[in-house]
Amino acid sequence: MVWVAIFIGILLILLIVISISTIHISIYFVHRNDNSNIQVNFKMYRFLKYKLNVPLIMVDAKDHSVKIREEKQSTLGQKKEKKKITFSQIKKQYRSFNQMLKHINHFYQILAAFLKKMRVKKVEWHSAIGLGEASSSAIAAGTVWGFKGIAIQVLNAFFKLEESPNISVVPVFQGMHSETRFSCMISFKIGHAIVVMLKILKSWRIVSRSTKLNSEYMTGGM
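Computed from a prediction, not measured in an experiment: that's the story for all the values here. (Residues numbered from 1 in each chain as written. Predicted model: local features only at pLDDT ≥ 70, side-chain atom pairs only at ≥ 80, totals over all residues. Heavy atoms only, no water.)

Asker: Teacher, can you tell me more about a nonpolar patch on the surface here?
Answerer: Together, Val2, Trp3, Ile6, Ile10, Leu14, Ile18, Ile194, Met197 and Leu198 line one region of the surface with nonpolar side chains, adding up to about 940 Å² of accessible area. Residue assignment for the nonpolar patch shows that the elements contributing at least two residues are α1 (2–20) and α5 (190–219). With six residues, the top contributor of residues to the nonpolar patch is α1. The topology assignment puts isoleucine 194 in helix α5. (Patch = residues over 30% accessible without salt bridge, like charges linked within 9 Å, V, L, I, M, F, W, Y side chains within 5 Å. Areas by Shrake-Rupley, 256 points an atom, 1.4 Å probe, with all protein chains shown as cover. Salt bridge = Lys/Arg side-chain N within 4 Å of Asp/Glu carboxyl O. Helix = DSSP H or I, 4+ residues; strand = E, 2+ residues; numbered from the N terminus.)

Here it is, written out as C-alpha cells:
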C-alpha cells in the first residue's frame with residue numbers, strides 16, 4: 001500500500017507539473033518569388049525541443065497536388081520525408097472535420113476561449129511586391145497594406161497580443177517581385193489544452209448519447 005501511495009503521489013506531481021508547463025511555439029514563414037519555406041519550433045523547458053521545417057512546396061499541375069519536403073528534428077533525432085497532398089485528400093479531411101463539428105456543441109466557443117488564453121508576441125510581417133510598373137506596384141502595395149490591417153484585426157480578435165505587430169509593405173518598381181517574411185511566437189499552458197480536450201470529449205459524448213436515444217425512440221428501440 002505504501003508503494004501504491006508513493007506511485008500515485010509521483011503521478012499526481014507529474015500531472016501538476018505538466019499542467020502548469022508552458023509550450024512555446026515559434027513560427028517562421030519566408031516566401032520569395034517561387035521559393036517558400038516554413039519552419040515551426042516547439043519548446044518546453046530547455047531539453048524538450050522539436051523542429052518542423054518545410055523548405056520546399058511545389059504545385060504539380062498534372063494531378064493538381066502539392067508536394068512538400070519535411071525535415072523533422074527533435075531531441076530523439078532527425079528525420080526527412082516527402083509528402084504529396086492532393087485536393088481530393090483535402091476535401092476528404094474537410095468533410096471529416098465538418099462531421100466531427102456536428103457532434104460537438106459550442107465547439108467555436110470552446111476554441112475561442114482557448115485561443116484567447118494563448119499569448120502571441122513578436123509578430124513581424126514584412127512584404128515587398130512589384131508588378132513591373134510604378135503605378136501597378138503602388139496600387140498592389142496599398143492593397144496588401146489593407147489586407148494586412150484586416151488580418152491583424154482578426155488576429156487580435158482571436159488571440160491575446162502582448163505587443164503591437166511590426167508590419168511593412170514595400171513597393172518594388174524594378175520588375176516583377178513577390179516577397180513575404182512572417183514570424184511570431186505563441187505560448188500556452190498545457191493545462192488549458194487539456195481542459196479544452198476534456199470539454200470537447202464531454203460535448204461529444206452528450207451529443208452522441210442524445211443522438212443514440214433519439215434513434216432508439218424513432219425506431220421503437222429496435
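Asker: I'm lost on the packing of aromatic side chains in this one. Help?
Answerer: Any aromatic ring pair is given by two values, namely how distant the centres are and how the planes are angled relative to each other. One pass over the structure, following the stated rule, counts four aromatic pairs. The interplanar angle of 75 degrees and the centroid separation of 5.6 Å between the aromatic rings of phenylalanine 114 and phenylalanine 188 together place this pair among those described as edge-to-face. Of this pair, phenylalanine 114 sits in helix α3 (residues 107–117) while phenylalanine 188 sits in strand β9 (residues 176–189), and the two are 74 residues apart along the sequence. For phenylalanine 188, a relative accessible area of 12% translates into the label buried. Among the aromatic residues, those joined into a cluster by ring pairs are Trp125, Phe147 and Phe182. (Phe/Tyr/Trp six-rings, centres within 6.5 Å; stacked < 30°, edge-to-face > 60°. Buried < 20%, exposed > 50% of the residue type's maximum accessible area, 1.4 Å probe, protein only.)

Asker: How should unusual backbone geometry be read in this particular structure?
Answerer: Most of the time, phi is negative for any residue but glycine, and the peptide bond is trans. One non-glycine residue, lysine 122, lies in the positive phi region at around 55 degrees. Of the residues examined, lysine 122 reaches a relative accessible area of 48% and is grouped as partly exposed.

Asker: I would appreciate a short explanation of the packing of α3 against helix α4 (residues 134–158) in the present structure.
Answerer: In a pair of packed helices, the angle between the axes and the distance between the axes together describe the arrangement. For the pair α3 and α4, the least separation of the axes is 7 Å and the interaxial angle reads 100 degrees. Here α3 is positioned roughly perpendicular relative to α4, judged by the angle of their axes. Together, Ala112, Leu115 and Lys116 of α3 and Asn156, Ala157 and Phe158 of α4 make up the contact between the two elements. Considering only residue class, the contact of α3 with α4 consists of four nonpolar, one polar and one charged. (Axes fitted to C-alpha atoms, helices over the stretch in contact; angles between N-to-C directions. Parallel < 35°, antiparallel > 145°, perpendicular 65-115°, else oblique. Contact = heavy atoms within 4.5 Å. Nonpolar A, V, L, I, M, F, W, Y, C, P; charged D, E, K, R; others polar.)

Asker: What am I meant to see in the pattern of salt bridges here?
Answerer: Think of it this way: side chains of opposite charge can pair up when their charged atoms draw near. Inspection of the entire model under this criterion finds three salt bridges. Across the pair glutamate 179 and arginine 32 runs a salt bridge whose closest N-O atoms are separated by 2.7 Å. Highlighted residues: glutamate 179 in strand β9 and arginine 32 in strand β1 (residues 22–32), separated in sequence by 147 residues. Overlapping salt bridges bring together Arg32, Glu179 and Arg181 as one network.

Asker: Would you mind showing me how to read α3 here?
Answerer: Two residues of an α-helix separated by three or four positions point the same way, owing to the 3.6 residues in each turn. Buried within α3 we find Phe107, Ile110, Phe114 and Leu115. On an axial view of α3, the arc spanned by its buried residues comes to 130 degrees, and they lie on one face. (Arc of directions from axis to C-beta.)

Asker: Quick question: what am I supposed to make of the nonpolar core here?
Answerer: Note on soluble globular proteins: their nonpolar side chains tend to be buried together. Counting 15 residues, the largest nonpolar core has Phe114, Met118, Val120, Ile186 and Phe188 as the members making the most contacts within it. For this core, the secondary-structure elements that each account for two or more residues are α3, β6 (119–131), β9 and α5. Among residues more than four places away in sequence, those in contact with methionine 118 are Phe159, Lys160, Ile186, Ser187 and Phe188. (Core = buried A, V, L, I, M, F, W, Y, C linked by side-chain atoms within 4.5 Å.)

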